[in-house]
Amino acid sequence: MGGCKAFLFQCSLVFSQRAVTYATDEAKIAYIIGLLRGRALAWATAVRGPQLLLHTTYVDFISEMKKVSDHPVQGKDAAKCLLSLRQGSRSVAEYSIDFRVL
């Protein structure tokens, strides 16, 4: 699960546990922005501006946030990530060969 997806999952848990507190889109967006740091906070501040809470739904905010920060690994990068996995001193490729010869 990517960083953005995991972060949003954690936020959704808070929203479901405190449904009354986070009943509005504005409350949810404010909570998320309050947790952002670094580049994500700079994005929310610069791109969305001070009128963010007045003109954005929660669904639209999350959609925009995912476009900017949720970049799943694909193609050759995914293959590199898989091939670089190790368990102990053995690589995924070594385990793959073992399974094929069983």
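It should be noted that the structure appears before, not after, this text.
Now for a look at the structure at hand. For clarity, every value in this text was computed on a predicted model and none was experimentally measured.

### What to know about the environment of Gly3
Item 1. Mapped onto the fold, Gly3 is located in helix H1 (residues 3–17).
Item 2. Taking C-alpha positions, Gly3 is 8.5 Å from Ser69, a pair spaced 66 residues apart along the chain.

### Some words on the packing of aromatic side chains
Describing an aromatic ring pair means giving the distance of the ring centres and the angle of the ring planes.
Item 1. Under the criterion given, the structure shown has five aromatic pairs.
Item 2. What links up through ring pairs into an aromatic cluster is the set Phe15, Tyr22, Tyr31 and Tyr58.
Item 3. In this structure, Lys28 is placed above the aromatic ring of Tyr58, and the distance from its NZ or CZ to the ring centre is 5.2 Å.

### Here's the deal with the layout of surface pockets
Item 1. Quantified by volume, the largest pocket comes out at close to 160 Å³.
Item 2. Here the lining of the largest pocket is composed, by residue class, of seven nonpolar, two polar and one charged.

### Things to note about the environment of Ala40
Item 1. Checked against the element boundaries, Ala40 lands in helix H3 (residues 38–46).
Item 2. The class for Ala40 is partly exposed, based on a relative accessible area of 28%.
Item 3. Counting along the chain gives 25 residues from Ala40 to Met65, while the straight-line C-alpha distance between them is 8.3 Å.

### What to know about the nonpolar core
Item 1. Core analysis: the largest hydrophobic core is formed by 15 residues, its most contacted members being Leu8, Phe15, Ile32, Tyr58, Phe61, Ile62 and Met65.
Item 2. Taken together, the elements giving at least two residues each to this core come down to H1, helix H2 (25–35), H3 and helix H5 (58–69).
Item 3. Setting aside its immediate chain neighbours within four residues, Ile62 contacts Leu8 and Ile32.

Scoring rules and cut-offs
- Residues numbered from 1 in each chain as written.
- Predicted model: local features only at pLDDT ≥ 70, side-chain atom pairs only at ≥ 80, totals over all residues.
- Heavy atoms only, no water.
- Helix = DSSP H or I, 4+ residues; strand = E, 2+ residues; numbered from the N terminus.
- Phe/Tyr/Trp six-rings, centres within 6.5 Å; stacked < 30°, edge-to-face > 60°.
- Lys NZ or Arg CZ within 6 Å of the ring centre and 35° of its normal.
- 1 Å grid on protein atoms, 1.4 Å probe; cavity = no way out; pocket = protein on both sides within 12 Å on 5 of 7 lines; lining within 4 Å.
- Points joined across faces, edges and corners; volume = space filled by probe spheres on them.
- Nonpolar A, V, L, I, M, F, W, Y, C, P; charged D, E, K, R; others polar.
- Buried < 20%, exposed > 50% of the residue type's maximum accessible area, 1.4 Å probe, protein only.
- Core = buried A, V, L, I, M, F, W, Y, C linked by side-chain atoms within 4.5 Å.
- Contact = heavy atoms within 4.5 Å.

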